[in-house]
Every structure is written in C-alpha cells, then in structure tokens.
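Reading the structure
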Amino acid sequence: LPSLKELNERVQLSVHSGPVTETQVQGFNIVVLTNNSSRKRLIELNRICRQNHVGFILADTRGLFGTVFVDLGDSYQTNDVNGN
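Quick caveat: nothing in here was measured; it's all calculated off a predicted structure. (Residues numbered from 1 in each chain as written. Predicted model: local features only at pLDDT ≥ 70, side-chain atom pairs only at ≥ 80, totals over all residues. Heavy atoms only, no water.)

1. What to know about the overall build of the protein
Counted only if it meets this: Numbering of helices and strands runs from the N terminus, with a helix taken as a DSSP run of H or I at least four residues long and a strand as a DSSP run of E at least two residues long. Under the scheme applied here, a residue whose accessible area is under 20% of the maximum for its type counts as buried, over 50% as exposed, and between as partly exposed, the area being computed with a 1.4 Å probe on protein chains only. In this description, contact between two residues means that some pair of their heavy atoms is separated by no more than 4.5 Å. Areas reported here follow the Shrake-Rupley algorithm with a probe of radius 1.4 Å; residue values treat only the protein chains shown as occluding.
Each helix and strand counted, the protein has three helices and three strands in total. Helices and strands in the protein line up, N terminus first, as α-α-β-α-β-β. Taken along its principal axes, the extent of the C-alpha atoms in the protein is 40 × 30 × 30 Å. For the protein, the residues scored as buried account for 18% of the 84 residues in total. In the protein, the proportion of contacts linking residues at least 24 apart, taken out of those at least 6 apart, comes to 41%. Just so you have it, the protein exposes about 7,300 Å², and 51% of that area is on carbon and sulfur atoms.

2. Here we look at the layout of surface pockets
Formally: As defined here, a cavity is a set of points on a 1 Å grid over the protein atoms alone where a 1.4 Å probe fits but cannot get out. A pocket is an open set with protein on both sides within 12 Å along at least five of seven lines, and residues line them when an atom is within 4 Å of a point. Grid points are joined across faces, edges and corners, and a volume is the space filled by probe spheres set on the points.
As a volume, the largest pocket reaches approximately 990 Å³. Considering the residues around the largest pocket, the lining is formed by 26 residues, among which Ser14, Val15, His16, Val31 and Val32 are closest to the centre. Contributing elements (two or more residues each) for the lining of the largest pocket: α2 (22–25), β1 (30–33) and α3 (39–51).

3. Brief notes about the packing of aromatic side chains
Short version of the rule: Think of it this way: a Phe, Tyr or Trp ring, Trp meaning its six-membered ring, pairs with another when their centres are within 6.5 Å, and the plane angle makes it stacked under 30 degrees, edge-to-face over 60, tilted otherwise.
Following the criterion strictly, the structure yields one aromatic pair and no others. When the centroid spacing of 6.1 Å and the interplanar angle of 65 degrees are considered together, the rings of Phe56 and Phe69 count as edge-to-face. Here the residue Phe56 occupies a position in strand β2 (residues 55–62), and Phe69 occupies one in strand β3 (residues 65–71), the gap between them amounting to 13 residues.

4. Considerations on α3
For clarity, the threshold we go by: An expected span of 1.5 Å times one less than the residue number is assigned to each helix. The directions from the helix axis to the C-beta atoms are what the arc is built from.
Relative to the 18 Å expected for 13 residues at 1.5 Å per residue, α3 spans 18 Å between its end C-alpha atoms, a close match to the ideal helical length. Three or more residues of α3 are buried, namely Leu42, Leu45, Asn46, Ile48 and Cys49. For α3, the buried positions fall inside an angular range of 160 degrees around the axis, keeping them on one side. Residues Arg39, Lys40 and Ile43 are exposed on α3 and point more than 90 degrees away from its buried face. Contact partners of the buried residues in α3: α2, β1, β2 and β3. After α3 finishes, the residue His53 shows a positive phi value of roughly 55 degrees.

This is the structure:
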C-alpha cells in the first residue's frame, strides 16, 4: 500500500481482506481485486460494482503470466486523439 500511494498522493486508498459485500462496494469509486476468486464470484462482484456505478479492476498473476480485466461501466469513454 505505501508504494501504491506514492503513485498519486491525492488518491485515497484502503486495503480490505476478506469477503466483499455490496455495502462495502458502495463506498468506493473503483474496486481492485488481486486475489484468486472463483469465476462465479468475480462475475457477481462485477455485477455488484456495475449496479452501484463503481469501477471494477481485476489483476491476477500465475507464475510468469498475468491477467488484467477492467470494467469502468457503460458511461466511461476515452478519446484517443492521436491513435497512440
């Protein structure tokens, strides 16, 4: 957490270990999951985040391989002006 906070000191971060509930999700703008959960549970958490207009990021590593899934909702738009 301290290293992550160094990236942007204006962003408030907190760490939660244990089950994630809908009530907990409602207090955040983005939820980042880094622990291996079942696919069913990840889909459920993503649904909860979408219903509460909370961004959902899943980051997982398995040995040399990694996966990142980002769902910031239907209203999120990015404009790539120069194609980079």
